[in-house]
Amino acid sequence: VSCVAALCGGVGGAKLALGLSRALQPEELTLIVNTGDDFEHLGLSISPDIDTVLYTLSGLADRERGWGRDDETWNFMTALGALGGETWFQLGDRDLATHVERSRRLAAGETLSSVTALLAARLGIGARIAPMSDDRVRTIVHTPDGPLSFQHYFVRERCAPRAVSISFDGADTARMSAAFAETLERRDLAAVIICPSNPYLSIDPILAVPGVRAALARIRAPRIAVSPIIGGEAVKGPTAKLMRELGVAVTSASIAAHYRGLIDVLVIEDTDASDAATVTRQGVACATAPTLMRTDEDKLALARTLLDLARTFRRDAA
Ligand code: FO1
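Residues numbered from 1 in each chain as written. Predicted model: local features only at pLDDT ≥ 70, side-chain atom pairs only at ≥ 80, totals over all residues. Heavy atoms only, no water.

Asks: Looking at this structure, how should I read the environment of valine 226?
Replies: Residue position: valine 226 is located in strand 10 (residues 223–226). Look at valine 226 and you get buried, because its relative accessible area is 0%. Between the C-alpha atoms of valine 226 and cysteine 286, which are 60 residues apart in sequence, the distance is 10.0 Å. Aside from chain neighbours lying at most four places away, what touches valine 226 is Leu16, Ile194, Cys195, Pro196, Leu266, Val267, Thr291, Leu302 and Leu306. (Helix = DSSP H or I, 4+ residues; strand = E, 2+ residues; numbered from the N terminus. Buried < 20%, exposed > 50% of the residue type's maximum accessible area, 1.4 Å probe, protein only. Contact = heavy atoms within 4.5 Å.)

Asks: Can you walk me through the packing of aromatic side chains in this structure?
Replies: Each pair of aromatic rings is reported with the distance of its centres and the angle of its planes. Taken as a whole, this structure holds four aromatic pairs when the rule is applied. Here phenylalanine 39 and tryptophan 88 contribute two aromatic rings whose centre-to-centre distance is 6.2 Å and whose plane-to-plane angle is 50°, an arrangement assigned as tilted. With phenylalanine 39 in strand 3 (residues 39–41) and tryptophan 88 in the loop between helix 3 (75–82) and helix 4 (93–107), this residue pair connects regions lying 49 residues apart in the sequence. For the pair phenylalanine 39 and phenylalanine 89, a centre-to-centre distance of 4.8 Å together with 75° between the ring planes defines the contact as edge-to-face. One end of the pair, phenylalanine 39, is in strand 3; the other, phenylalanine 89, is in the loop between helix 3 and helix 4, and 50 residues separate them in sequence. Look at phenylalanine 39 and you get buried, because its relative accessible area is 9%. Given the relative accessible area of 10%, phenylalanine 89 is considered buried. Directly above the ring of tryptophan 67 sits arginine 65, whose terminal nitrogen or CZ lies 4.9 Å from the centroid. (Phe/Tyr/Trp six-rings, centres within 6.5 Å; stacked < 30°, edge-to-face > 60°. Lys NZ or Arg CZ within 6 Å of the ring centre and 35° of its normal.)

Asks: So what exactly am I meant to see when it comes to the packing of helix 4 against helix 5 (residues 112–122) here?
Replies: Helices that pack against each other are described as a pair by the angle of their axes relative to one another and the distance between those axes. Put simply, helix 4 and helix 5 touch, their axes get as near as 10 Å, and they point 140° apart. Here helix 4 lies oblique to helix 5, going by the angle between them. Judged by the twist between their axes, the crossing of helix 4 over helix 5 is right-handed. Contact residues: helix 4 offers Thr98, Arg102, Arg105 and Leu106, while helix 5 offers Leu112, Val115, Leu118 and Leu119. (Axes fitted to C-alpha atoms, helices over the stretch in contact; angles between N-to-C directions. Parallel < 35°, antiparallel > 145°, perpendicular 65-115°, else oblique. Left-handed = near helix turned anticlockwise from the far one by under 90°.)

Asks: Would you mind showing me how to read the sheet that holds strand 6 (residues 138–143) here?
Replies: As a general point, the strands of a sheet are linked pairwise by backbone hydrogen bonds and lie either parallel or antiparallel. The strand order across the open sheet built from three strands is 7-6-8, with neighbouring strands paired in antiparallel fashion. The outermost strands of the open sheet, each flanked by one partner alone, are strand 7 (146–149) and strand 8 (165–169). The mean inter-strand angle of the sheet, taken between neighbouring strand axes irrespective of direction, is 30°. As defined by bridge partners, strand 6 adjoins strand 8 across five bridges and the pair is classed as antiparallel. Opposite histidine 142, over in strand 8, you have serine 165 as the bridge partner. (Pairing = 2+ DSSP bridges.)

Asks: Before we go on, may I ask you to explain the site of the ligand in this structure?
Replies: Inspection of the region around the ligand gives 14 residues, with Asp37, Asp49, Phe89, Gln90 and Gln151 positioned closest. Between the ligand and aspartate 37, the relevant distance is 3.2 Å, taken from an oxygen atom to a side-chain nitrogen or oxygen of the residue. Here an oxygen atom of the ligand and a backbone polar atom of glutamine 90 are 2.9 Å apart. Here the ligand, which alone exposes 530 Å², has 90% of that area covered by the protein. Secondary structure elements with two or more residues in the shell around the ligand: helix 2 (48–57) and helix 6 (150–156). Examining the composition of the shell around the ligand, we find that four residues originate from one element, helix 6, more than from any other. Tallied by class, residues from the shell around the ligand come to eight nonpolar, three polar and three charged. (Near = heavy atom within 4 Å. Polar contact = N/O pair within 3.5 Å; in protein donor to acceptor, adjacent residues only side chain to side chain. Areas by Shrake-Rupley, 256 points an atom, 1.4 Å probe, with all protein chains shown as cover. Nonpolar A, V, L, I, M, F, W, Y, C, P; charged D, E, K, R; others polar.)

Asks: For this particular structure, what's the right way to read the environment of leucine 302?
Replies: Mapped onto the elements, leucine 302 comes out in helix 13 (residues 296–312). Remark: the alpha-carbon pair of leucine 302 and threonine 291, spanning 11 residues in sequence, is separated by 6.4 Å. Once residues within four sequence positions are removed from consideration, leucine 302 is found in contact with Leu16, Val226, Ala289, Pro290, Thr291 and Met293.

Asks: What is the right way to look at the pattern of salt bridges in this model?
Replies: Any two side chains of opposite charge can pair if their charged atoms end up close together. Scanning the entire structure with this criterion turns up 20 salt bridges. The salt bridge partner of aspartate 62 is arginine 65, with a shortest N-O separation of 3.0 Å. For glutamate 185, the salt bridge goes to arginine 218, with nearest N and O atoms at 3.1 Å. With glutamate 185 in helix 7 (residues 178–185) and arginine 218 in helix 9 (residues 212–218), this residue pair connects regions lying 33 residues apart in the sequence. Taking relative accessible area as the criterion, arginine 218 reaches 54% and is therefore assigned exposed. (Salt bridge = Lys/Arg side-chain N within 4 Å of Asp/Glu carboxyl O.)

Asks: Looking at this structure, how should I read unusual backbone geometry?
Replies: What you tend to see is this: most non-glycine residues have negative phi, and most peptide bonds are trans. In this structure, leucine 42 takes a positive phi of about 55° despite not being glycine. With respect to the helices and strands, the residue leucine 42 is situated in the loop between strand 3 and strand 4 (44–46). Backbone geometry places aspartate 71, a non-glycine residue, at a positive phi of 55°. The class for aspartate 71 is exposed, based on a relative accessible area of 57%.

If you want it as structure tokens, here you go:
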């Protein structure tokens, strides 16, 4: 048995995570999830990206919405609204149970790693799912009108404010979770995969945890990222808007430059094959594959392509 580590954020990350979970044996996969989106809301500890991965791998996710649970009801939100409570962040009745149970366990002194492992086990998930850190890291989007915490930017303001820069509060003193650190040190590590999540909002918080960049630089296994850019646009979410605001061209070459030194190969969409030369010019090898994951078959196929690439990739050939 070898082992594959995948770094992921929200929806795009969870899609590939599902593919990888189907392509590998459970004990072969460790998913490291962004917690920069986490926040305390209505007295609850909410970890949206962890929950997206938990719900996606357990088959409970609402596929259309991309977050939260399928077959959801909203009685709690409706009742809360009637009392004049805050309803900008939608918590479904079933989803609420996850936040209540997580909050209770964290308040009792359990770590986010142990709570996440417990929830995964309860939901019947075999792969290891771990937060990037058990310490508090909070993504802050800086706008011309001042800083916004991630969920205020993303959900309440619908990503409308112009992003000037992004920072990760608490990252300086955060430590990698035990599962994260152990996985990156494993001798049988066969690949590190960076999912096609938003590099700036979902992957950078993971890379901001001290020691992560150095550990990735040391790893001998192939380090493969999947570009979230297809045809000059992001598949979903604010990646393209953010890149324009940060003054970065919306291309896979920009993604390669962003991950330079941390990855060996960037996988770009087949139909963008003409961009391969601009990627390799960044000092990153380029492979093409169908990266748009519409169906579960697409997710599995991309996962298999990445695992094949990891098996055959020779770093000195880059
Ligand atoms: N995203 C929204 O756009 N609106 C919401 O009301 C919302 C509620 C929500 C509740 C639980 C949860 O786990 C995720 C939720 N998300 C919501 C998604 C969340 O903002 C994620 O951070 C994004 O998917 C980015 O990864």
